[in-house]
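# An overview of the molecular structure
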Amino acid sequence: MAQPTLNVLRIDDHFTKNSLFGYTACFSDTSQIVTIETLLAGTANHNAFRLIDNEILNVGFSPWPHWIRCNIRNETSHEKSLVFGVDFAYIDDLSFFVVDEQRQLLYRKEQINRKTPIVNRPIAHRMFAFPVTIKPNQTLTLYCRAIRKKSVLLLPITLFSQHEFITNGFSFDLLISLGMGIWLIAFLTSLTLFLATKKNLLFYYALYTLTYGIAFMSLIGIWNHYVPNIPLLDENTHLVMFGIAGFAQLNFTTEFLQLRSLLKRKWLTGIKIISLLSLSAAIYTLIWPFSYTNSSIISGVGLVIELLIVCLVIFGLTRRKYEALVYLISFLPLLISISWFSISVLFSVDISWLFYKLGYAIPFVQIIVLGIGVGFKLIREKEESLTAVSAMKQQYVEQLLNAQEIERRRIARDLHDDIGTSLIALRGKLPTDSPDAHNFLDQIIADVRAVSHNLMPDELATLGLAGALSEVAHRLAESSGIKFLFISAGETVPLSPMAELTLYRAVLELMNNVVRHSGATESLVQLVYHPDLLSIIVEDNGRGFTNKNTELMNGIGLNSVASRTEWLRGLMAIDSSVAGTTIRLEIPYDPHPS
């Protein structure tokens, strides 16, 4: 009989592996009665074998047996141990045969399928692998028969040297372990953060990574080895997971790009409907037995979702959202992968080995990049929240200070206009022969005026901050007996009225603390105008915050100074010992110009 002319793959000492592209022919047995014996007997129609003209044979959806044949020759002087591998997990029935030049069957292994445990396979490996031993100068014909009844059948085959098969398996397992480690870390981290923060973004990311990880294990043939008997899932595993992943990914995209505040309600409703459609497709696929229709439904819905995500990313880019750029970088490889795979399944387009290998790994790129993007987004949101809290706190302190100033002015007016006037009237009614009473009342009137003056310092507006504090130092020195020395250095930088009043109150509180609590004999007050900030130092030679004075560090006065300093976005530092106390305030110029 006429047979297709096949190139013979020649095995030499340098042989490592070959995809058998250009060395194989395919025959589809639509009668479903051809066996290896009929092929060897010459009764089968060998004219039906056709040369395979693409790297990976895609026989499409045809539920009958498909035969592959290739010829190899050992041109070395020693026996070679080879491995014939088929890297496609979803095969319902796979058989392998080795035939010599005399058409004698040297090796046969039949009825291997995706459910066959690793320990029961010819070679314990996730892929379908068969041993081939070829003697020196021997020519062998390899036959492989594969059946997939309910969906598309791919036959990515490779012939390895035994050493290369082991090396390749180790490298692949290492990469798979690395990828699954990344997947597991991403899933557990996002799930933990979701449980802590209740953010929908983290839930959808965790769900996406979980479902894609399971689908990935199913596609490469690992899932069935470890979890072989889950009811309903069976061969539907990757389809169900892809359907759920589509639901999670679309909702994640909406949350990640913060589109709820940008899109109209009808668009958000449409997005929600499409995501639920993907979830419904997953449930449908879970309930109904695996079929080509199920696979086509999931592929179609998945393609719609990916195209919708592209539109959402473009919309985000038009709104100048940095999240959209991050998503675009992560999404392009996956979009290309999914689109090309869907097209290849639906329209039987050739698939290259490079694409076939990268197709599994490409989505991990998205998981990693989006994981980094989510991390930065959470950090940014936390910083924005802290900034908002700080702004609210600043606003609260400002309102409190304003309220205090209003109340101080009211009390100052009452002291000056009402109580001061009443005391002066009372002094006029005292007997002239009561000098002690007059002196005592004059002291009360002076104290009231001093309190009123401190509550509403007129010299702050006329003399400025340095002049007003110099006057305070002079008055306290006269009234307390403590030697106050005031120094102002540097070129004066005018502050806003509110900032100067706040600083005046803070320094006045510190100076009064020296008088009331320090037990000092001397105190130095310094205002130093630096190029970028104002430094205020109040120091004394008192007993410091020791023993009974320790609670003063947490007292109302210092807390008030700390609050005023924080409102001015400044820093406060305290250094205290038995030799005295130094308090430093560093205030940026006009942090609140208003």
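Located above this text is the structure these notes cover.
Thresholds applied
Every residue gets a number counted from 1 within its own chain, in the order that chain's sequence is written. Selection of residues for local features in this predicted model requires a pLDDT of at least 70, selection of side-chain atom pairs for listing and counting requires 80 or more, and totals for whole chains, interfaces and linings are taken over all residues. Heavy atoms from the whole structure form the basis of all side-chain values; hydrogens and water molecules are not counted. Only centres within 6.5 Å qualify two rings of Phe, Tyr or Trp (six-membered ring in Trp) as a pair; their planes then separate them into stacked at under 30 degrees, edge-to-face at over 60, and tilted for everything else. Numbering of helices and strands runs from the N terminus, with a helix taken as a DSSP run of H or I at least four residues long and a strand as a DSSP run of E at least two residues long. Burial classes: relative accessible area under 20% of the type maximum marks a residue as buried, over 50% as exposed, and values in between as partly exposed (1.4 Å probe, protein chains only). The term nonpolar core refers to a set of buried residues drawn from Ala, Val, Leu, Ile, Met, Phe, Trp, Tyr and Cys, joined through side-chain atoms within 4.5 Å. Any two residues having at least one pair of non-hydrogen atoms within 4.5 Å are treated as being in contact. Within 3.5 Å is the distance limit for a polar contact, defined as a pair of N or O atoms, with the added protein rule that one can donate a hydrogen and the other accept it, and that residues adjacent in sequence qualify only through two side-chain atoms. Paired strands are those between which DSSP finds at least two bridges. Lines fitted to C-alpha atoms define the axes here, with helix axes fitted over just the stretch in contact, and angles between the N-to-C directions of these axes take values from 0 to 180 degrees. A pairing counts as a salt bridge when a side-chain nitrogen of Lys or Arg comes within 4 Å of a carboxyl oxygen of Asp or Glu.

## Topic: the packing of aromatic side chains
Considering all chains together, one arrives at 19 aromatic pairs under this definition. Summarising the aromatic geometry, the rings of F84 and F96 are spaced 4.8 Å apart at their centres and angled 25 degrees between planes, so their arrangement reads as stacked. One end of the pair, F84, is in strand β7 (residues 80-86); the other, F96, is in strand β8 (residues 93-99), and 12 residues separate them in sequence. In this pair, the class of F84 matches that of F96, namely buried. Consider the rings of F252 and Y327, whose centres lie 6.3 Å apart with planes at 35 degrees: the pair is tilted. In this pair, F252 is assigned in helix α5 (residues 237-256) and Y327 in helix α8 (residues 322-347), connecting sequence segments 75 residues apart. Residue F252 is classed as buried on the basis of its relative accessible area, which comes to 2%. Grouping aromatic residues by their ring pairs yields a cluster made of Y205, F252, F256, Y327 and F331.

## Topic: the nonpolar core
Formed by 58 residues in total, the largest nonpolar core has its most connected members in F252, F256, L257, L312 and Y327. Counting residues per element, the ones that place at least two in this core are α2 (162-197), α3 (200-219), α5, α6 (265-287), α7 (292-318), α8 and α9 (353-429). Here this core gets 11 residues from one element, more than from any other, and that element is α3. For L312, the residues in contact, after removing those within four places along its chain, are L250, T253, L257, L259, L263 and I271. The next biggest cluster of nonpolar side chains, apart from the first, holds 39 residues, and it includes F486, V525, I536 and L558.

## Here's the deal with the side chain of N513
By the element assignment, N513 lies in helix α12 (residues 497-518). In this structure, N513 is in contact with S518 and L558, ignoring residues within four places of it in sequence.

## Concerning the environment of D92
For D92, the location among the structural elements is in the loop between β7 and β8. Residues in contact with D92, not counting those within four places in the same chain, are I112, N113, R114, I147, R148, K149, K150 and E235. A distance of 2.8 Å separates the side chain of D92 from the backbone nitrogen of K149, its partner in a polar contact.

## Points about the sheet that holds strand β2 (residues 17-18)
The antiparallel open sheet is built from four strands, whose spatial order is β2-β13-β7-β10. In the strand order of this sheet, the two ends are held by β2 and β10 (128-134), each with one partner. With seven bridges joining them, β7 and β10 adopt antiparallel strand pairing. From the neighbouring strand, V83 faces β10, where its bridge partner is P131. Strands β2, β7, β10 and β13 (157-161) of the sheet are contacted by α2, whose axis makes an angle of about 115 degrees with β13.

## Focus on the pattern of salt bridges
Following the criterion strictly, the structure yields 11 salt bridges and no others. E110 is paired through a salt bridge with R145; the nearest N and O atoms lie 3.7 Å apart. Placement of E110 in strand β9 (residues 105-112) and of R145 in strand β11 (residues 139-147) is noted, with a sequence separation of 35 residues between them. Note on E110: relative accessible area 33%, which makes it partly exposed. What you see here is one network of salt bridges that share partners, running through E37, R108, E110 and R145.

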